[in-house]
Amino acid sequence: MALKFISAEEAAALIHHDQNVGFSGFTHAGCPKVVPVALAKRAEEEHAKGNPFKIGMFTGASTGDTIDGSLARANAVKFRTPYQTNKDMRNAINNKQVHAPIDYFDMHLSQVAQEIRYGFLGGVDVAIIEACEVTEDGKIIPTAGVGITPTICRMAKTVIVELNSKVPARLRGIHDLYELQDPPKRRHINIFEVQGRVGLEYVKVDPSKIFVVETNEESEGGGFAPVDETTARIGENVANFFVSEMKNGRIPQTFLPVQSGVGNIANAVLGSMGINKDIPRFEVFTEVIQDAVLDMMREGKISFASGCSLTVSNEQLHQLYTDLDFFKNKMVLRPSEISNNPGLVRRLGVIGINTAIEVDIFGNVNSTHVMGNTMMNGIGGSGDFTRSSYISIFVTPSVAKNGDISCIVPKVTHEDHSEHSVKIIASEYGVADLRGKGPNQRAREIIEKCAHPDYRPMLHDYMTLQQNGHTPQSLYGCFSFHKAFLETGSMKNADLAQYKK
Ligand code: COA
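Because the structure is predicted, anything quoted here is derived from the model rather than measured.

Formed by 78 residues in total, the largest nonpolar core has its most connected members in Ile-140, Phe-242, Phe-255, Phe-282, Leu-310, Ile-353 and Ile-393. Per-element tally for this core: the top contributor is helix H7 (residues 229-247), with seven residues. The residues touching Phe-242, leaving out its near neighbours within four places in the chain, are Ile-251, Phe-255, Met-273, Ile-279, Ile-351, Ile-353 and Ile-393.

Here the focus is the site of the ligand. In the vicinity of the ligand lie 22 residues, with Tyr-83, Gln-259, Ile-357, Asn-377 and Lys-401 positioned nearest. Protein burial of the ligand: of its 980 Å² of free accessible surface, 76% is covered by the chains.

This brings us to the pattern of salt bridges. This structure, assessed with the given rule, holds 29 salt bridges. The salt bridge partner of Arg-73 is Asp-65, with a shortest N-O separation of 2.8 Å. Residue classification places Arg-73 among the partly exposed residues on the basis of a relative accessible area of 44%. For the salt bridge of Asp-137 with Lys-139, the shortest nitrogen-to-oxygen distance reads 3.2 Å. Its relative accessible area of 36% is what places Asp-137 among the partly exposed residues. The network of salt bridges with shared partners includes Arg-117, Arg-154, Glu-179, Asp-182 and Glu-337.

Our next topic: the packing of aromatic side chains. As enumerated under the stated definition, the model contains eight aromatic pairs in all. An angle of 65° between the planes, with centres 5.3 Å apart, marks the rings of Tyr-118 and Phe-120 as edge-to-face. A relative accessible area of 28% means that Tyr-118 is categorised as partly exposed. Judged by centre distance (4.9 Å) and plane angle (85°), the rings of Phe-326 and Phe-327 are edge-to-face. Take Phe-326: its relative accessible area is 32%, and that puts it in the partly exposed class. Its relative accessible area of 0% is what places Phe-327 among the buried residues. Through a chain of ring-to-ring contacts, three or more aromatic side chains come together here, namely Phe-241, Phe-242, Phe-255 and Phe-282. Stacked on the ring of Tyr-202, the Lys or Arg Lys-139 has its end atom at 5.1 Å from the ring centre.

This next bit is on the sheet that holds strand E18 (residues 358-360). Where strands meet in a sheet, backbone hydrogen bonds hold them as pairs that are either parallel or antiparallel. As summarised here, the arrangement of the three strands in space is E19-E18-E25, forming an open sheet in which the pairing is mixed. The two strands at the open ends of the sheet, each matched to only one other strand, are strand E19 (365-366) and strand E25 (408-409). In this sheet, E25 lies alongside E18 in parallel orientation, the contact comprising two bridges. The residue bridging Asp-360 from the neighbouring strand is Val-409, located in E25.

It is worth spelling out the packing of helix H8 (residues 264-275) against helix H9 (residues 291-298) at this point. Relative to each other, H8 and H9 sit at 20°, their axes nearing to 8 Å. By the angle between their directions, the pair H8 and H9 is classed as roughly parallel. When the axes of H8 and H9 are compared, the crossing they make is left-handed. Between H8 and H9, the residues in contact are Asn-267, Leu-270, Gly-271, Met-273 and Gly-274 and Asp-291, Ala-292, Val-293 and Met-296, respectively. Of the residues in the contact of H8 with H9, the class split is five nonpolar, three polar and one charged.

Conventions adopted
Residues numbered from 1 in each chain as written. Predicted model: local features only at pLDDT ≥ 70, side-chain atom pairs only at ≥ 80, totals over all residues. Heavy atoms only, no water. Core = buried A, V, L, I, M, F, W, Y, C linked by side-chain atoms within 4.5 Å. Buried < 20%, exposed > 50% of the residue type's maximum accessible area, 1.4 Å probe, protein only. Helix = DSSP H or I, 4+ residues; strand = E, 2+ residues; numbered from the N terminus. Contact = heavy atoms within 4.5 Å. Near = heavy atom within 4 Å. Areas by Shrake-Rupley, 256 points an atom, 1.4 Å probe, with all protein chains shown as cover. Salt bridge = Lys/Arg side-chain N within 4 Å of Asp/Glu carboxyl O. Phe/Tyr/Trp six-rings, centres within 6.5 Å; stacked < 30°, edge-to-face > 60°. Lys NZ or Arg CZ within 6 Å of the ring centre and 35° of its normal. Pairing = 2+ DSSP bridges. Axes fitted to C-alpha atoms, helices over the stretch in contact; angles between N-to-C directions. Parallel < 35°, antiparallel > 145°, perpendicular 65-115°, else oblique. Left-handed = near helix turned anticlockwise from the far one by under 90°. Nonpolar A, V, L, I, M, F, W, Y, C, P; charged D, E, K, R; others polar.

In short, shape yes, function no, at least from these values alone.
Next up, the structure:
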């Protein structure tokens, strides 16, 4: 069957008000780039005519500005899930004075595809997919990110493929595309090592529902901030912790697969592992493959990487395409329900390293909300990994906003990961090991090893507020640090004395 080629504007015209649209990719990697922009323009034109035009959005994770930015600025979003990082989308979610509210709901990334399949989120009307190849019999080869692509392609009534000639068709073979079966008939996932493969190198779609838009678009990868003194020290602390775990026989000499979260700190931690001579070559079983992973693969420090996307700078991406023969047999890109699958994480003994916004002295972690109410990005895959990891680690600088915020607080203002899942916390000051410790010991460990020295006396003082019970938590004083920040601009002004009985 001959493929139907159309323009981005014609593709946008296939999408209607109130429909649910699924997007390929994961972070900026693998996202469509021209149809979403045309769709935003269409929404603005409809609004100018006085017509409503808003869509529901399913994505793999965050996207590029061409999706989240364009559609948020055009006020074209009815609801959105899951993770997002775009500043205009974040403003639209948080600032209800500027926009009609976007119903944003945050989810564990491994669950998005299955919840769409279960029908929990409404149907998928249209899927917009970036591909490096599409065949007349309906085989679609994704680009640098996968996310929920297999599920939305299968379920959508219309599949719009952005065929991007900037991405070499030689990428075919790097993906392992597999969709889980629905309960009670779900089978085990036949992956028993990081390199294991279980699926196809393409997504197969009924060709009659495919429309192709040809593009030649650069990726939207921005790169990472240079490693500063704080992130370098956090990285060194984590690397030294691993060396001591190996010496004590708790991590095997062959090491274990590593997951590292998003952002600059995660990238810096991997970099520190790379330069530590006592850490052997290891494998990565992660969600996003960042710049440091590619560097370390070239240096031979990482032998294999399994992930959902190549969330790398454009420079790294071009180099990878040039050196594809080197990388292709050392890497696999999977859908998020497989790359982040909690069962596989536990089976493979993955060590999870994620970044926190704030942690409390008992080991609970807030990854998503600033001051309890403002959404930052979302939980992403941190919960998929944290709960099931062999060792789950959270990294955080001890302070934020020039020291006026302590990232170690008496109680987190929003709880994404509980004390039951969090095993290690590392800041630039040291590493708190929470394993086998009750609330009092945990609190002392976190305060002494991770808190900034300016806040240590206050945190110790906090622990004296509540004498009885298993956990020394004061329901009256637990948000005194946050209250002081909101009222005076610094947590250092927290007044604990008023809560002393
Ligand atoms: N209170 C208020 N603001 C805080 C804060 C706190 N306790 N801690 C950090 N911040 C601010 C920083 O000052 C910075 O603000 P700015 O953008 O105005 O400079 C911002 O939050 C980001 O902090 P930064 O230290 O640069 O962290 P990051 O870029 O490494 O991101 C998370 C940290 C938690 C937001 C990010 O890792 C995330 O989204 N995590 C959830 C998803 C996840 O873990 N995914 C990985 C799974 S594979």
